[in-house]
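Architecture and fold: a report
Here is what each chain is made of, one letter per residue.
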Amino acid sequence: MNALSKIWNNPKATQNATFWWSILTICVFSRIFTAIYYIEDVDSLRFALAIKDYNLATYQPHFPAYPVYCFIVKIFYAITGGKLAFSFTITGGLSLFGVIYFITQIYQLFFPAMTRASKIWLVLLVLLNPFLWLMSNRYMPDLMGLAFLLACVYLFMKAWLAFEAPLPGQNETGHTTADEKTSGANENLGEVVNRIKSYSHEERKLRYAAYKPYYLWAFYLVMGLSIGVRLSYLPLLLVPTLLLVLQFFRRLPQLLFFGGLGIAVWFVPLLIDTGGWDTLLQIAQKHLDGHFNEWGGTVKTESGYWVRVVRIFQYTWADGLGAYWLDRHWLGIPFSLFIYLGFRNYKKLWAASTGFPEGQKMPGEIRERIVLRSIINLSLFAYLLWIFFFQNVLYKARHIMPFIPFIIARIAIGIGQNRDLSAGMVVLMLPLYMFITFTLVGQHRKPTAIAQVKNYMVSQDKPQNILYAPELVAFYLKRQHDWKLKFVYADKPNSVQQLKQAKAQLKGSKVYSLIDLNKDLHPPVKSKAFYHNPYVNRMWSKLQVYEYK
């Protein structure tokens with residue numbers, strides 16, 4: 001509780017605690033009020049099935065299993081008496097609170113003089129962010145993974161700063177002679193590594209003696225747990241992990257112990273539940289081969305390098321921040337301008353806060369902030385490379401989510417530190433932001449295109465009817481209804497021939513197809529289109545069902 005209250009620079013701890021409890025309550029209840037009561041896509045379906053019957057072999061969920069996330073949702077599933085929507089939504093609300101709290105803590109370390117207005121703007125912009133709001137209601141682990149990720153970043157920063165703090169008898173500018181050689185404002189990662197190596201034996205010994213490793217242990221423990229929440233965020237933590245190993249190599253057994261403990265907590269039960277090493281390895285090998293070589297949307301299976309670049313920018317700018325894009329409402333234009341103004345002011349503030357008189361040695365506190373920002377930026381770049389080459393950034397916007405809190409924080413600080421800009425944003429920017437968010441959240445509560453297709457096909461479910469659809473669509477449909485009609489998979493070899501054979505066997509049959517079969521059969525009798533806003537969910541935003549007799 002005291003840790004929560006310290007960041008607000010308020011002497012009244014009870015008021016600070018009340019504030020954070022209020023934010024937690026708002027996060028949870030605002031998400032409960034906007035919960036969705038349908039399965040919006042195939043990924044959400046897998047997690048919904050996993051909560052009812054966790055089975056990795058039947059893709060409930062798919063590998064890498066997400067055991068920590070599923071376990072936490074299962075707790076709320078039991079508490080709420082089997083209410084699936086509430087279970088995921090409460091988990092999403094708690095995860096959102098974790099995102100708000102830890103991103104605030106992170107930038108409090110970057111900006112010790114951060115104003116209360118900047119902190120409030122940071123809370124508001126994350127709380128009302130359209131993308132994070134949608135993800136907090138979605139039946140998926142991404143937002144909880146983001147909360148764990150930010151917790152790791154915060155713990156890394158605390159562990160790093162604790163070791164780099166001035167030793168007893170030193171002032172804040174006096175580390176060692178080696179420090180003076182690398183104290184410029186442009187110290188890069190190689191120079192950081194060299195500085196770590198160049199500490200004298202005596203100084204390193206003194207630093208180890210004075211260092212309290214609690215944040216260091218916590219970093220590795222939470223990182224181990226985070227792998228069981230969302231493995232694909234791990235590349236963002238590789239640089240901090242390696243730097244801490246280099247910095248604290250003598251404590252390597254401790255780091256391995258706490259990291260291993262964080263993994264063992266969920267891996268041992270997963271291994272037992274799956275049925276042993278052989279089964280788990282078979283499932284992992286099958287999924288990894290499919291992800292990287294067949295259907296995972298990696299650069300190997302979906303090249304288009306420039307398309308990937310454009311999609312990453314579009315998903316970050318338009319989906320992640322709610323800014324303007326060519327197919328969006330024109331109100332996004334002024335909102336985009338406000339984003340730019342906030343970010344531009346942040347750059348000025350950062351330059352001012354890290355400046356010092358020319359010819360003087362850079363204060364250690366400023367130097368470490370610059371170094372940490374370089375490490376975080378390098379980590380974000382490493383994650384950018386990971387998703388560019390190995391994630392499905394062509395069709396799934398959620399992979400850019402780790403960038404969003406860091407961008408929002410910089411915009412919020414840029415707004416909050418300028419009184420005039422902050423006042424103008426309250427009148428002009430905030431209403432636009434809320435309009436964009438609440439419009440998307442309202443649309444999210446209505447069934448997506450694939451959910452509409454499911455409802456429509458239930459009304460056409462007769463033994464003599466046939467549905468011709470890709471296997472992934474059929475998976476989504478079959479797991480939610482006990483169908484009487486016959487399925488023919490459109491992406492299987494000779495699928496059209498199989499469809500004709502099935503059609504000949506079933507008298508008076510109707511064929512419903514999600515693919516236009518005009519060339520293979522004959523013109524459809526009719527067709528029905530189903531839509532949802534792609535900014536709500538990029539997957540299958542438009543589907544058409546063709547009917548053939």
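These lines cover the structure that appears in this document, whether it is placed above or below.

Conventions and cut-offs
- Residues numbered from 1 in each chain as written.
- Predicted model: local features only at pLDDT ≥ 70, side-chain atom pairs only at ≥ 80, totals over all residues.
- Heavy atoms only, no water.
- Helix = DSSP H or I, 4+ residues; strand = E, 2+ residues; numbered from the N terminus.
- Buried < 20%, exposed > 50% of the residue type's maximum accessible area, 1.4 Å probe, protein only.
- Contact = heavy atoms within 4.5 Å.
- Areas by Shrake-Rupley, 256 points an atom, 1.4 Å probe, with all protein chains shown as cover.
- Pairing = 2+ DSSP bridges.
- Axes fitted to C-alpha atoms, helices over the stretch in contact; angles between N-to-C directions.
- Polar contact = N/O pair within 3.5 Å; in protein donor to acceptor, adjacent residues only side chain to side chain.
- Patch = residues over 30% accessible without salt bridge, like charges linked within 9 Å, V, L, I, M, F, W, Y side chains within 5 Å.
- Salt bridge = Lys/Arg side-chain N within 4 Å of Asp/Glu carboxyl O.
- Right-handed = clockwise from strand over helix to strand, strands pointing away.

1. Some details on the overall build of the chain
The secondary structure content of the chain amounts to 23 helices and five strands. Counting the 549 residues in the chain, one finds 55% classified as buried. Considering only contacts in the chain between residues 6 or more positions apart, those separated by 24 or more positions represent 73%. Accessible surface for the chain amounts to roughly 24,500 Å². Of this, 62% is attributable to carbon and sulfur atoms.

2. A few points about the sheet that holds strand S2 (residues 486-489)
Strand order in the open sheet made by the five strands is S2-S1-S3-S5-S4, with mixed pairing throughout. Both edges of this open sheet fall to S2 and strand S4 (526-531), since each of them pairs with a single strand only. Each adjacent strand pair in this sheet contributes to an overall mean axis angle of 20 degrees, direction not counted. Pairing geometry for S4 and strand S5 (residues 542-548), over six bridges, is antiparallel. Across the sheet, Lys526 pairs through a bridge with Glu547, a residue of S5. Helix H22 (residues 471-478) contacts strand S1 (466-469) and S2 of the sheet and is inclined by roughly 155 degrees relative to S2.

3. Thoughts on the side chain of Thr104
Relative to the elements of secondary structure, Thr104 occurs in helix H5 (residues 84-110). A relative accessible area of 0% places Thr104 in the buried class. A polar side-chain atom of Thr104 sits 2.6 Å from the main-chain carbonyl oxygen of Ile100.

4. Some thoughts on a nonpolar patch on the surface
On the surface, a nonpolar cluster with roughly 530 Å² of combined accessible area is contributed by Tyr305, Leu378, Phe381, Leu385, Phe389 and Phe390. With five residues, helix H18 (residues 364-390) is the largest single contributor of residues to the nonpolar patch. With respect to the element layout, Leu385 can be found in helix H18. Among the residues examined, Leu385 registers a relative accessible area of 38% and is labelled partly exposed.

5. Details of the pairing of S1
Every second residue of S1 is oriented toward a common face, with Ile466 and Tyr468 on one face and Leu467 and Ala469 on the other, all of them buried. Both S1 and S2 contribute to a ladder of four bridges, which runs parallel. Across the sheet, residue Ala469 finds its bridge partner in S2, namely Tyr489. Between the parallel pair S1 and S2, the chain is carried across by H22, and the sense of this crossover is right-handed.

6. Details of the environment of Pro64
Here Pro64 is to be found in the loop between helix H3 (42-52) and helix H4 (67-79). On the basis of relative accessible area, Pro64 is assigned to the buried category, the value being 18%. Spatially, the C-alpha atoms of Pro64 and Ser232 are 9.3 Å apart, while their sequence positions differ by 168 residues.

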